[in-house]
Amino acid sequence: QVQLVESGGGLVQPGGSLRLSCAASGFTLDYYVIGWFRQAPGKEREGVSCISRNGGNTYYADSVKGRFTISRDNAKNTMSLQMNNLKPEDTAIYYCAAGTRWASLNPGPYNYWGQGTQVTVSS
């Protein structure tokens, strides 16, 4: 079975931090570009960050630059998103994804998706 499972979501106050993790099983993550996406109620799914196969290139949405950091650990078949200085507008369900083509903040090229983890930023 090919599976991606997110973890680490929760409720945090504005200015706080969370670290999301994604574990892959059923396939080797080394061969895939990976990304993090989010979807708020009533909104389209949007790209947050993505990273190349070897981790050499990273990309971020303007709204999270300087606050979020994407990383991958191919040896452990995992990827992470460190989220600092969280804002209420960051509230969404966050999804990890893997793709066999190019790294993109557009969700279209990705082949595999996790089920999502809820992040709520509220005072």
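Residues numbered from 1 in each chain as written. Predicted model: local features only at pLDDT ≥ 70, side-chain atom pairs only at ≥ 80, totals over all residues. Heavy atoms only, no water.

**Q** I tried to follow the sheet that holds strand S7 (residues 68-73) on my own but got confused; where do I start?
**A** The strands that make up a sheet are held in pairs by hydrogen bonds between backbone atoms, and each pair lies either parallel or antiparallel. Strands sit in the order S1-S3-S8-S7 across an open sheet of four strands; the sheet is antiparallel. Each end of this open sheet is capped by a strand with a single partner; those strands are strand S1 (3-7) and S7. On average, adjacent strands in this sheet sit at an angle of 15 degrees to one another, irrespective of strand direction. In terms of strand pairing, strand S3 (residues 18-25) meets strand S8 (residues 78-83) through six bridges, oriented antiparallel. Following the sheet pairing, Arg 19 is matched in S8 by Gln 82. (Pairing = 2+ DSSP bridges. Helix = DSSP H or I, 4+ residues; strand = E, 2+ residues; numbered from the N terminus. Axes fitted to C-alpha atoms, helices over the stretch in contact; angles between N-to-C directions.)

**Q** Explain the state of the cysteines to me, please; I cannot follow it from the model alone.
**A** Cysteine pairs can be covalently joined through their sulfur atoms, and such a bond is termed a disulfide. Applying the stated rule across the entire model yields one disulfide. There is a disulfide in this structure between Cys 22 and Cys 96, and the S-S distance comes to 2.0 Å. The chirality of the disulfide connecting Cys 22 with Cys 96 is right-handed, given an S-S dihedral of about 55 degrees. Highlighted residues: Cys 22 in strand S3 and Cys 96 in strand S9 (residues 92-99), separated in sequence by 74 residues. The class for Cys 22 is buried, based on a relative accessible area of 2%. (Disulfide = S-S within 2.5 Å. Buried < 20%, exposed > 50% of the residue type's maximum accessible area, 1.4 Å probe, protein only.)

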